[in-house]
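Remarks on the overall topology
Here are the chains, one letter per residue:
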Amino acid sequence: VQLQASGGGLVQAGGSLRLSCAASGRTFSSYDMGWFRQAPGKEREFVAAISVRGDSASFADSVKGRFTISRDNAKSTVYLQMNSLKPEEAAVYYCAARLYGSRLPQDPLKWAYWGQGTQVTVSS
């Protein structure tokens, strides 16, 4: 499956952005989808994930209550709505996919497919 992330940009602290990730090449509805981020000099970290039917989601503790994840299987797209953004959340945001499983792992190594990333910059 090929993934194309978009929607990044510059936003002031406290602002919002919605990221999109369009998938192609395989049956989108067979894949759990996730979002990760990586800031310069830091390891890639889990942000959120959603199950194949969208009936289960998981979030990093740091974004709970501010970020939501959703998917539209008819459009082969997953979204990450980010509210109340903080300067320390500036990073390249990546979408990822893995064949459906019983859990939504936070370990990046358990995700097989990756998009190219979209830059999010948060000004203070």
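Presented here is an overview of the structure given in this document. The structure displayed is predicted, hence computed values, not measured ones.

A look at the layout of surface pockets
- Put simply, the largest pocket is a space of about 170 Å³.
- Considering the residues around the largest pocket, the lining is formed by 13 residues, among which Arg37, Lys42, Glu45, Glu88 and Glu89 are closest to the centre.
- Of the residues contributing to the lining of the largest pocket, the split by class is three nonpolar, two polar and eight charged.

Concerning the nonpolar core
- One finds Met33, Trp35, Leu80, Met82 and Tyr93 to be the most contacted residues of the largest nonpolar core, which totals 37 residues.
- Among the secondary structure elements, those contributing two or more residues to this core are strand E1 (2-6), strand E3 (17-24), strand E4 (31-38), strand E5 (45-50), strand E7 (67-72), strand E8 (77-82), strand E9 (91-99) and strand E11 (118-123).

Some details on unusual backbone geometry
- Phi angles above zero are rare outside glycine, and Ser76 is one such case at about 50 degrees.
- Within the fold, Ser76 resides in the loop between E7 and E8.
- Here the phi dihedral of Ser84 falls at roughly 50 degrees; this positive angle occurs in a residue that is not glycine.
- Along the polypeptide, Ser84 turns up in the loop between E8 and E9.

Some words on the packing of aromatic side chains
- Tallied over the entire structure, the rule returns five aromatic pairs.
- Here the aromatic residues Phe36, Phe46, Tyr94, Trp111 and Trp114 are joined through ring pairs into a cluster of three or more.
- Seen from the ring of Tyr94, Arg44 lies directly overhead, with NZ or CZ sitting 3.8 Å from the centre.
- Above the ring of Trp114, the side-chain terminus of Arg44 is found at 4.7 Å from the ring centroid.

Here's the deal with the sheet that holds E1
- Ordered in space as E1-E3-E8-E7, the four strands form an open sheet in which the pairing is antiparallel. Whereas interior strands pair on both sides, the edge strands pair on one side only; in this sheet they are E1 and E7. Each adjacent strand pair in this sheet contributes to an overall mean axis angle of 15 degrees, direction not counted.
- Pairing of E1 with E3 involves five bridges; the strand directions are antiparallel. Paired with Gln4 across the bridge in E3 is Ala22.

Quick look at the state of the cysteines
- The tally for this structure, following the rule as stated, stands at one disulfide.
- For Cys21, the disulfide goes to Cys95, at an S-S distance of 2.1 Å. Torsion about the S-S bond of the Cys21 and Cys95 cystine: about 55 degrees, corresponding to right-handed handedness. A residue pair is termed long-range when its members are at least 10 positions apart, and Cys21 in strand E3 and Cys95 in strand E9 qualify at 74 residues. There is no split in this pair, since Cys21 and Cys95 are both buried.

Rules used in this analysis
Residues numbered from 1 in each chain as written. Predicted model: local features only at pLDDT ≥ 70, side-chain atom pairs only at ≥ 80, totals over all residues. Heavy atoms only, no water. 1 Å grid on protein atoms, 1.4 Å probe; cavity = no way out; pocket = protein on both sides within 12 Å on 5 of 7 lines; lining within 4 Å. Points joined across faces, edges and corners; volume = space filled by probe spheres on them. Nonpolar A, V, L, I, M, F, W, Y, C, P; charged D, E, K, R; others polar. Core = buried A, V, L, I, M, F, W, Y, C linked by side-chain atoms within 4.5 Å. Buried < 20%, exposed > 50% of the residue type's maximum accessible area, 1.4 Å probe, protein only. Helix = DSSP H or I, 4+ residues; strand = E, 2+ residues; numbered from the N terminus. Phe/Tyr/Trp six-rings, centres within 6.5 Å; stacked < 30°, edge-to-face > 60°. Lys NZ or Arg CZ within 6 Å of the ring centre and 35° of its normal. Pairing = 2+ DSSP bridges. Axes fitted to C-alpha atoms, helices over the stretch in contact; angles between N-to-C directions. Disulfide = S-S within 2.5 Å.

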